[in-house]
Amino acid sequence: MREFKVRKGVYIKDNNNTSNMMYTILVILVFYILFAIYKNGIHPVIKGYGNLYLVFKPIIYVLISSAICILTEYIFYIIKKEKKNIYYLFEKSYAMIPGVFVALTISINTPIYLLVIGSIVASLSKLLMGGFGKYKINPAVVGSLFIGLIFSFLSNNYLNPYEMEIVNGNILNQNIISYENLVASYGNLFDFLFGNVPGALGVTSSFLSIISLIFLIYKRIIKWRIPIFYILTVVVISMIICIIRDIGLWFIIYNLLSGGLLFGAVLMATEPVTSPVSIFGQVLGGVSLGIITMLIRYLIPIQNEVLLSILIFNMITILLNYLTIKLYDKKNIKIIINIVMILLCVLSAFIISKEIITY
Amino acid sequence: MSRKIRIEYKNKISYNIEKYLKPELVYIPLEDTQGNIYKHLVKEGDYVYKGDIVASNEKLNLHVHSSVSGYAVCGGSKIIGNGKKIKCVIIENDYKEKFRKSIPKKKVNNLYSKEEFLNLLKNSGINNLNDKKTSSDINYEEDNIKYLIINALECEPGLSSSKSLIYNHAEDILETIDKTLDIMNIPKAIIALNENDNKSINVLNKYIGTYPNISIIKVADIYPNEYEDILVKEVLNLDYNKYKEKILISNIQVVYWVYEMLEYNRPITERVITITGKGIKNRKNIKVKIGTLASEVINNIDGYKKLKNPLFIVGGPVTGNSVQTDDVIITKDVNCIMVIEDNFERSLPCIKCGKCMEVCPVKILPNMIMENKDNIKNLNILKPNKCIECGLCSYICPSKIEVRECVREAKEKVDIK
């Protein structure tokens, strides 16, 4: 006779685990950091604008913000007198991930002390809502918007010295829809695809986002329905606007590639904790995210439309998760809601096309 | 559509069946894993012949037979598959394998009428044509049965007892199925086989030509295709709940028991179990007497490997139970014994990735059920009692949460209400 321990549950487990998923996302973010170094550092320096400091600026930003996030979390747990060692912060709480996101989504001209404040806000918003797995709003979005919206007067604009020279200080007016105004002043649509356009520190490369979207869907790490339906909705709405206002098809591609929309769709909206759980919720969430982004982009004159819409989407998520429970097994109501969403798409397209100015 | 999952299991076992049929003591527990209580019919010191009824539950017509001959020793309690300690009747084996002489001679097989056949089944201890926990109510008394489905899929990844039975006894099994069809007046039998199990398919194909009423259907190697509802959907594309009276589901071990019953007029005395896992030196399929202690069997096949934190599991890797000692009675519903290392990761908070919902074969929302564990109003909407306890949610969970246990708790809460 031999004694054994007792353990309840399933005795065979999938290899995939949460750390794996989170660190895959972190590795993908490293590519974005490399891109940020190229876009904001190497490229302007080659063209003869700025100095070598620009090359290291993105990486300094990322290091500072993730260090601040880890430090904030560490101090928070000391104050709360919960015994969490450093291992916990890396392996179970993933303290640095919001920091990296904050650094990548702010403007290149942000002063470092603002970045520190933003990282602290991001980390605190995560901790005060209950720590990893319990927060309702993406902490990175909170931190980034905190800097981007409240202190927008301090962070100037999104342009690095090289772009400043091209644009000649003219800040873009989103409401005047013409190829010359929106696209040609920064190059062509390929520049938009590869990300060599004004925008936040490291999010403008749509090409990188598309590759990571494919990779993450293949690896089953993200909820694929959210980005796909987000993108589809944006395409549909801009297509309707194109038809109504007789704009060229470039407008659809421009809407997809500008403003870090794909980065938001692939990496920020799919943040597992703050996005809808059920399939129904994911589809609805993606569609509403698309509608909100387009409405904010053309009706409200701010530059953080993707982040702001993700913030609203996180709030809608709470409602969607509630609806998922209440509407379980009620197919008819789900169909009605879907039809309403399609109508909302069309309606928002009409509203936007009334507001915009074309030449 | 739920996502299809294939669970790989590394330790492959050969198709041979070894035998260990000489236990010193045979234990007959007075309660089974489903909680039915049995009354013992023998007293201390009685001589028990092989095949005698030792304990029975008259209400449900369940019988447990002695698998050896020898003197009965009353008293003593041992653990059964679900970890409960149960009082047992113990029989000391005298290795003579004596049958009672007054036992009625077997008939020429085809002369059994349906009633006689069913009675014989019950008296042999085959009270349900499916030997698993997931089995439904006994339904073979219905008339007008259209299909007999033989579930030859392994009920869980890692097991290979039914495969090896088919491989070694294909002809007997087909013959028995044919006879059952004749006696029960069923027009068609279908053997559901795993599509990757080429060896068994080849063996069956060799003999199947002579049995026009039996056909083989290959089922994809996807867990949990072996659960009744899903199997019927997969094989016949019908909803099992609607056609419950028309479809009879059985499995290979039971068919083999029926074969022994028809051929030798012998009740259930032996079964094939798989002994596997990292902690076992010689992983194999082995035929044992029902009532043998697992420790005795394992010690007879070279014993354990050294592990840091071993777990002893009765049943397969998904639906099995971890028990506290290896002195477990092998009852007729034990199909596998595993000894594995307890190196499972600690669970993290749920990150709401939605994977459990994607894979759930009955399309419930395990994550929502877990979140609303204390909210009975919401639980009633979410219907946790649809759960078939396949364990896929716990398997897939990246945070290594035991989702199934939570759903099970919720299920009990809803059932009470």
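On a predicted model such as this, the values are computed, not experimentally measured, just so you know.

### A closer look at the overall build of chain A
The helix and strand inventory of chain A stands at 16 helices and two strands. By the compact-globule yardstick of 21 Å for 359 residues, chain A fits well, its C-alpha radius of gyration being 21 Å. Projecting the C-alpha coordinates of chain A onto the three principal axes gives extents of approximately 85 × 60 × 35 Å. Within chain A, contacts between residues at least 6 apart in sequence are counted, and of these 76% link residues at least 24 apart. In the structure as shown, chain A presents an accessible area of about 15,600 Å², 69% of it carried by carbon and sulfur atoms.

### Here we look at the sheet that holds strand β5 (residues 53-57) of chain B
In space, the three strands of this open sheet follow the order β3-β5-β6 (chain B), with antiparallel pairing throughout. Lying at the two open borders of the sheet, with one neighbouring strand each, are β3 (39-40) and β6 (62-65) of chain B.

### Some thoughts on the confidence of the model for chain B
All names here are of chain B. When pLDDT is averaged across chain B, the result is 82; 93% of the residues are at 70 or more. Ignoring residues within four places in sequence, the model shows residues 131-138, a span with pLDDT below 50, making 25 contacts including any to other chains. Quick note on the complex model: pTM equals 0.87, ipTM equals 0.86.

### Brief notes about the nonpolar core
L29, F101, I241, W250, F263 and L267 of chain A are the most contacted members of the largest nonpolar core, which totals 104 residues. Take this core: its biggest share by element is 10 residues, from helix α1 (residues 18-47) of chain A. Counting residues in hydrophobic clusters, the runner-up holds 42 residues, among them I150, I201, V203 and Y259 of chain B.

### Comments concerning helix α16 (residues 331-355) of chain A
Residues and elements named next belong to chain A. Taking 1.5 Å as the rise per residue, α16 with 25 residues should run 36 Å; its terminal C-alpha atoms sit 36 Å apart, in good agreement. Along α16, the positions that sit buried rather than exposed are I337, M341, C345, S348, A349, I352 and S353. On its buried side, α16 packs onto α11 (225-245) and α14 (279-299).

### Comments concerning the pairing of strand β13 (residues 270-276) of chain B
All names here are of chain B. Within β13, seven of the seven residues are buried, which leaves the element mostly enclosed by the surrounding structure. Residues E270, V272, T274 and T276 point to one face of β13 and R271, I273 and I275 to the other, with burial holding for every one of them. Pairing between β13 and strand β14 (residues 284-289): six bridges, direction antiparallel. The residue bridging E270 from the neighbouring strand is K289, located in β14. As paired elements, β13 and strand β17 (residues 336-341) share three bridges and run parallel to each other. Pairing of T276 across the sheet is with M338, part of β17.

### Comments concerning α14 of chain A
Over its 21 residues, α14 of chain A runs 30 Å from end to end, which matches the ideal 30 Å to within 8%, given 1.5 Å per residue. Here α14 of chain A lies mainly inside the structure; 17 of its 21 residues are buried.

### Looking at the sheet that holds strand β10 (residues 188-194) of chain B
All names here are of chain B. Read from one edge to the other, the open sheet built from four strands follows the order β11-β10-β9-β12, with strand pairing classed as parallel. Edge strands, defined here as strands with exactly one partner in the open sheet, are β11 (214-219) and β12 (247-251). For this sheet, the mean angle separating the axes of adjacent strands, direction not counted, is 25 degrees. Both strand β9 (residues 147-151) and β12 contribute to a ladder of five bridges, which runs parallel. Residue pairing for β12: L148 is matched across the bridge by L248. Seen against the sheet, helix α2 (residues 161-184) touches β9, β10, β11 and β12 and runs at an angle of roughly 155 degrees to β10. Sheet strands in contact with helix α4 (residues 228-236) are β9, β10, β11 and β12, and its direction is about 115 degrees off that of β9.

### Considerations on the pattern of salt bridges
Residues and elements named next belong to chain B. Tallying each qualifying case throughout the model produces 21 salt bridges over all chains. Between E97 and K50 there is a salt bridge whose closest N-O contact spans 2.8 Å. Here the residue E97 occupies a position in the loop between β8 (85-93) and α1 (114-123), and K50 occupies one in the loop between β4 (47-48) and β5, the gap between them amounting to 47 residues. Residue E97 is classed as partly exposed on the basis of its relative accessible area, which comes to 29%.

### Some details on the pairing of β12 of chain B
Counting buried positions along β12 of chain B gives five out of five residues, so the element sits mostly inside the fold. The alternating pattern of β12 of chain B places I247, I249 and N251 of chain B and L248 and S250 of chain B on opposite faces, both of which are buried.

### Focus on the packing of helix α4 (residues 96-105) of chain A against helix α6 (residues 139-150) of chain A
Geometry of a packed helix pair, given as the angle between the helix axes and the separation of the axes. Residues and elements named next belong to chain A. In contact at an axis separation of 8 Å, α4 and α6 are set at 35 degrees when each is read in the N-to-C sense. Relative to α6, the crossing made by α4 is right-handed. The segment α4 lies against α6, with P98, F101, V102 and T105 engaging P139, A140, G143, S144 and I147. Across the contact of α4 with α6, the residue classes tally to six nonpolar, three polar and no charged.

### Overview of the interface of chain A and chain B
Listed by partner, the interface residues are 36 residues for chain A and 60 residues for chain B. Both faces considered, chain A and chain B share a buried interface measuring about 4,600 Å² in area, 59% of it formed by carbon and sulfur atoms. Put simply, K13 of chain A and E402 of chain B hold a salt bridge, and the shortest N to O gap is 3.1 Å. For the pair chain A and chain B, the number of links is 23 residue pairs in polar contact (both at pLDDT 80 or more). Residue assignment for the side of chain A that touches chain B shows that the elements contributing at least two residues are α1 and α15 (305-326) of chain A. In terms of residue count, the dominant contributor to the side of chain A that touches chain B is α15 of chain A (four residues). For the side of chain A that touches chain B, the per-class residue count stands at 14 nonpolar, nine polar and 13 charged.

### Examining unusual backbone geometry
Residue and element names in this part refer to chain B. Residue Y223 is joined to P224 through a cis peptide bond whose omega torsion reads -5 degrees. With respect to the helices, strands and loops of the structure, P224 is situated in the loop between β11 and α4. With a phi angle near 60 degrees, K363 is a residue other than glycine that sits in the positive phi range. With respect to the helices, strands and loops of the structure, K363 is situated in the loop between α7 (355-359) and α8 (366-371). Under the relative-accessibility criterion, K363 is labelled partly exposed at 48%. If you check the backbone angles, K383 has positive phi at about 55 degrees while not being a glycine. Under the relative-accessibility criterion, K383 is labelled partly exposed at 31%.

### Considerations on the environment of V64 of chain B
Residues and elements named next belong to chain B. Position of V64 relative to the elements: it lies in strand β6. It is 8.2 Å that separates the C-alpha atoms of V64 and I268, two residues lying 204 residues apart in sequence. For V64, the residues in contact, after removing those within four places along its chain, are I28, Y38, D52, I53, V54 and A55.

### Here's the deal with the side chain of R297 of chain A
With respect to the helices and strands, R297 of chain A occurs in helix α14. Judged by relative accessible area, R297 of chain A falls into the buried class, the value being 2%.

### Focus on a nonpolar patch on the surface
Residue and element names in this part refer to chain A. Residues L299, I300, I336, V340, L344, L347 and I351 make up a contiguous nonpolar surface patch of roughly 570 Å² in combined accessible area. The greatest single-element share of the nonpolar patch, amounting to five residues, is contributed by α16. Within the fold, L299 resides in helix α14.

### As for the packing of aromatic side chains
Two aromatic rings are characterised by how far apart their centres lie and by the angle between their planes. Counting across every chain of the model gives 20 aromatic pairs over all chains. When the centroid spacing of 5.9 Å and the interplanar angle of 75 degrees are considered together, the rings of Y23 of chain A and Y94 of chain A count as edge-to-face. With Y23 of chain A in helix α1 and Y94 of chain A in the loop between α3 (86-91) and α4, this residue pair connects regions lying 71 residues apart in the sequence. Their ring planes at 55 degrees and their centres at 5.1 Å tell us that F194 of chain A and F207 of chain A sit as a pair that is tilted. A residue pair is termed long-range when its members are at least 10 positions apart, and F194 of chain A in helix α9 (residues 189-194) and F207 of chain A in helix α10 (residues 206-218) qualify at 13 residues. Connected via pairs of aromatic rings, a cluster forms that spans F192, W250, F251, Y254 and Y298 of chain A. Here K334 of chain A stacks its cationic end above the ring of F280 of chain A, 5.2 Å away from the centre of that ring. Sitting over the ring of Y167 of chain B, K199 of chain B keeps its end group 5.3 Å from the ring centre.

Reading guide: rules and limits
Residues numbered from 1 in each chain as written. Chains lettered and ligands numbered in written order. Predicted model: local features only at pLDDT ≥ 70, side-chain atom pairs only at ≥ 80, totals over all residues. Heavy atoms only, no water. Helix = DSSP H or I, 4+ residues; strand = E, 2+ residues; numbered from the N terminus. Rg over C-alpha atoms; globule rule 2.2 N^0.38 Å. Contact = heavy atoms within 4.5 Å. Areas by Shrake-Rupley, 256 points an atom, 1.4 Å probe, with all protein chains shown as cover. Pairing = 2+ DSSP bridges. pLDDT = per-residue confidence, 0-100. Core = buried A, V, L, I, M, F, W, Y, C linked by side-chain atoms within 4.5 Å. Buried < 20%, exposed > 50% of the residue type's maximum accessible area, 1.4 Å probe, protein only. Expected span 1.5 Å × (residues − 1). Axes fitted to C-alpha atoms, helices over the stretch in contact; angles between N-to-C directions. Salt bridge = Lys/Arg side-chain N within 4 Å of Asp/Glu carboxyl O. Left-handed = near helix turned anticlockwise from the far one by under 90°. Nonpolar A, V, L, I, M, F, W, Y, C, P; charged D, E, K, R; others polar. Buried area = accessible area lost by both parts, 1.4 Å probe. Polar contact = N/O pair within 3.5 Å; in protein donor to acceptor, adjacent residues only side chain to side chain. Patch = residues over 30% accessible without salt bridge, like charges linked within 9 Å, V, L, I, M, F, W, Y side chains within 5 Å. Phe/Tyr/Trp six-rings, centres within 6.5 Å; stacked < 30°, edge-to-face > 60°. Lys NZ or Arg CZ within 6 Å of the ring centre and 35° of its normal.

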